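Architecture and fold: a report
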Amino acid sequence: MKHQTWNIRKEPLFNKFVDIVGPQGVGKTSCASTVFLLDYKFHRKKRTQIANEFISMINKNREHKIPLINTHLYFSNVDILLDKKRDIHTHLVHLEDLSIPDKIKLNYFPKGSIFFIQEADSEADSRDWRKLARGLIEFAKRFRHMNYTVICDMQLKGNFDKKLRDLFTNIYFVYTSGTKRKFIFWKKQQWLFYDLQNQLNDFVKELASIGVNIKLDVICRRKLIFTPEVFNRYDSFSSSPYFLKDLVEYKFREHTKMDYSEKAVNDFVNKNPLAC
């Protein structure tokens with residue numbers, strides 16, 4: 001199975017609910033950030049056009065007109081620098097903001113918006129999941145009606161609701177990433193991953209369970225390539241505050257040399273008991 005190079009200019013991610021998974025450090029966040037940068041480069045005007053055409057349509061029957069959009073529609077919970085020359089960054093969003101609006105908390109996003117939630121499983125764990133899951137599931141069932149694109153990244157076995165996982169349209173299994181020299185000065189980044197059409201795969205398995213076996217290509221190998229530097233375009237250490245809470249100063253402990261006397265051995269065993 002050959003890798004298909006993903007040309008985002010020709011294959012945009014409109015109407016997709018994507019889960020990027022893989023082991024720690026494999027390049028999930030950099031992959032998602034690259035998708036954002038390429039989508040912004042090629043499709044930002046289209047996304048704004050979708051939003052403003054929709055607003056113009058519904059304004060015809062509204063007494064209070066909704067203002068047209070005059071900014072980009074890229075949202076993420078990690079700060080991504082979309083345009084270095086003009087210093088344009090993503091707007092802030094959290095996982096809970098994507099819940100279908102209710103009477104308590106209202107969050108509205110224009111039609112055509114694109115979202116990236118880094119470490120979505122960790123964000124879910126830090127919220128009241130029972131309340132959040134229902135609204136997110138309703139959102140995931142209906143996001144296509146608003147031409148949204150949602151990208152989440154998480155660990156391979158992250159704690160994420162199975163009902164919500166089943167609604168991902170695609171799952172990208174990133175298994176390697178790296179940098180290769182191009183020409184003399186330029187380097188190109190690349191990510192290799194399996195692209196699983198999640199819902200189509202479930203459909204094929206459902207038919208197989210009742211004895212109907214069909215052959216459909218539900219997975220392919222993909223390659224994403226990006227020539228500029230991507231790692232300085234987002235905060236890859238966004239979880240570092242957890243390690244800084246209440247920090248006053250760093251302290252260091254020295255090793256104690258074991259002398260193997262009866263007292264030293266007993267002290268060691270008492271301080272480091274084995275679990276029974």
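Just so it is clear, the model here is predicted, and its values are computed rather than measured. (Residues numbered from 1 in each chain as written. Predicted model: local features only at pLDDT ≥ 70, side-chain atom pairs only at ≥ 80, totals over all residues. Heavy atoms only, no water.)

1. Remarks on helix α1 (residues 28-59)
Selection rule: Counting from the N terminus, the helices are the DSSP runs of H or I reaching at least four residues and the strands are the DSSP runs of E reaching at least two. Expected helix span is taken as 1.5 Å per residue step, with the number of steps being one fewer than the number of residues. Fitting one axis to the seven residues ending at a residue and another to the seven starting there, the bend at that residue is the angle between the two axes.
For α1, spanning 32 residues, the distance from its first C-alpha to its last is only 40 Å, which falls clearly below the expected 46 Å at 1.5 Å a residue. The largest bend along α1 reaches roughly 70° and is located at H43.

2. Overview of the confidence of the model for the protein chain
Worth spelling out the cut-off: Note on scores: pLDDT gives the predictor's confidence for each residue, bounded by 0 and 100.
Here the protein chain averages 86 in pLDDT, and 88% of its residues register 70 or above. Taking the mean pLDDT of every element in the protein chain, the minimum, 76, falls on helix α2 (residues 120-125) and the maximum, 96, on strand β7 (residues 114-117).

3. Things to note about the pattern of salt bridges
Rules: We count a salt bridge whenever a side-chain nitrogen from Lys or Arg sits within 4 Å of a carboxyl oxygen from Asp or Glu. Burial classes: relative accessible area under 20% of the type maximum marks a residue as buried, over 50% as exposed, and values in between as partly exposed (1.4 Å probe, protein chains only).
This model, assessed by the stated rule, comprises 8 salt bridges. D19 serves as the salt-bridge partner of R165, at 3.4 Å between the closest nitrogen and oxygen. Taken as a pair, R165 in helix α4 (residues 162-165) and D19 in strand β2 (residues 17-21) lie far apart in primary sequence, 146 residues in all. Note on accessibility: R165 and D19 belong to one class, buried. Between D202 and K205 there is a salt bridge, with its nearest N and O atoms 3.9 Å apart.

4. Digging into the environment of K2
Within the secondary structure layout, K2 lies in the segment before β1 (3-5). Residue classification places K2 among the exposed residues on the basis of a relative accessible area of 75%. Linking K2 and C220, residues 218 residues apart in sequence, is a C-alpha distance of 8.2 Å.

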